[in-house]
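Per-entry structural report
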Amino acid sequence: MIANYHTHTWRCHHARGTEREYVERAIEGGLKILGFSDHTPYPLPAGYHSPNRMEMDKMDGYVDTVLSLKKEYQADIEIHLGLETEYYPAYWEQLLDFLSDYPVEYMLLGQHYLGNEVDSNISSGQETADGARLKQYVDQCIEAMETGRFLYVAHPDLLNFTGDAEVFDREYRRLCRKARELDIPLEINMLGLWDHRPYPREDFWKIAGEEGCRAVIGCDAHFPENTWRPDVEQLAVKMARRNHLTLEKWLPVGAGTK
């Protein structure tokens, strides 16, 4: 594994370890590129507190820490400053305005909620047989990709649809076709593999391969030790090969928030 762009920090409230520990684990594993992409702070209504993302007032510390490590370890590894971000249409422009003050190099699309977490609080990861929910998820991901702001789509098969197979194929094929059209890679998520989550799904990646999508492996590391997991990486590589996917080893960053 040459590069990982999907790395979290303690600021999201569900990860642990110091940023330095993630960097040193990546170097130990021979990675050449490490991107930090903690869950973005979002300018949501006053009084709302998200338990799963960085608070607005933690952004300065996040940026300073990553940039300091970038300089300190420049001879050993290439470090990038990123964010994992939901696309919430109602708050999107406010988010971009907030981020304009920071040197964020890229964003990953991680659509953990349908609509947004304030108004609906419907988790994309909930098991559902409702085709309307899958359609909403795909519509929202497509609209997000069309903004041109995202380096790739993290865990694109996050929505755990257990309904009609034809609906599954139709909707997820729409997502894959749009990703191919826009030349946006899709992530085979290592956290999902080692934690035995409902994603990554073989039936989704079969569609992605048929549609000619590019794929990237993302650690989705919430613990330093998971920044380098060669055993899990091999599972992801085999999934890509089985489904005839073009697997990208590294990606250009720097234009994701411009």
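Calculation criteria
Residues numbered from 1 in each chain as written. Predicted model: local features only at pLDDT ≥ 70, side-chain atom pairs only at ≥ 80, totals over all residues. Heavy atoms only, no water. Helix = DSSP H or I, 4+ residues; strand = E, 2+ residues; numbered from the N terminus. Polar contact = N/O pair within 3.5 Å; in protein donor to acceptor, adjacent residues only side chain to side chain. 1 Å grid on protein atoms, 1.4 Å probe; cavity = no way out; pocket = protein on both sides within 12 Å on 5 of 7 lines; lining within 4 Å. Points joined across faces, edges and corners; volume = space filled by probe spheres on them. Nonpolar A, V, L, I, M, F, W, Y, C, P; charged D, E, K, R; others polar. Axes fitted to C-alpha atoms, helices over the stretch in contact; angles between N-to-C directions. Parallel < 35°, antiparallel > 145°, perpendicular 65-115°, else oblique. Contact = heavy atoms within 4.5 Å. Buried < 20%, exposed > 50% of the residue type's maximum accessible area, 1.4 Å probe, protein only. Pairing = 2+ DSSP bridges. Right-handed = clockwise from strand over helix to strand, strands pointing away.

If you trace the backbone, His222 turns up in the loop between β9 (214-218) and α8 (230-242). Looking at His222, its side chain comes within polar contact range of the side chain of His14, at 3.3 Å.

So, about the layout of surface pockets. Approximately 450 Å³ is the volume attributed to the largest pocket. Its residues assigned to classes, the lining of the largest pocket comprises 6 nonpolar, 13 polar and 6 charged.

This brings us to the packing of helix α4 (residues 131-145) against helix α5 (residues 165-182). As a packed pair, α4 and α5 sit with axes 9 Å apart at the nearest point and diverge in direction by 5°. One finds that α4 runs roughly parallel with respect to α5. Contacts from Gly131, Leu134, Lys135, Tyr137, Val138, Asp139, Cys141, Ile142 and Met145 in α4 reach Val167, Phe168, Glu171, Tyr172, Arg174, Leu175, Lys178, Ala179 and Leu182 in α5. When the residues that make up the contact of α4 with α5 are grouped by side-chain class, the tally is 12 nonpolar, 1 polar and 5 charged.

As a further point, take the pairing of β9. The buried fraction of β9 is high, at 4 of 5 residues. Sheet analysis places strand β8 (residues 186-189) next to β9, joined by 4 bridges and oriented parallel. The partner of Leu186 across the bridge, within β9, is Ala215. Taken together, the 3 bridges between β9 and strand β10 (residues 246-248) define a ladder with parallel strand orientation. Across the sheet, residue Val216 finds its bridge partner in β10, namely Glu248. Handedness of the crossover joining β9 and β10 through α8: right-handed.

The next point concerns the side chain of Glu171. Among the secondary structure elements, Glu171 is positioned in helix α5. Only 3.2 Å separates the side chain of Glu171 from the side chain of Arg170, close enough to count as a polar contact. Ignoring sequence-local partners within four residues, the contact set of Glu171 consists of Leu134, Lys135 and Val138.

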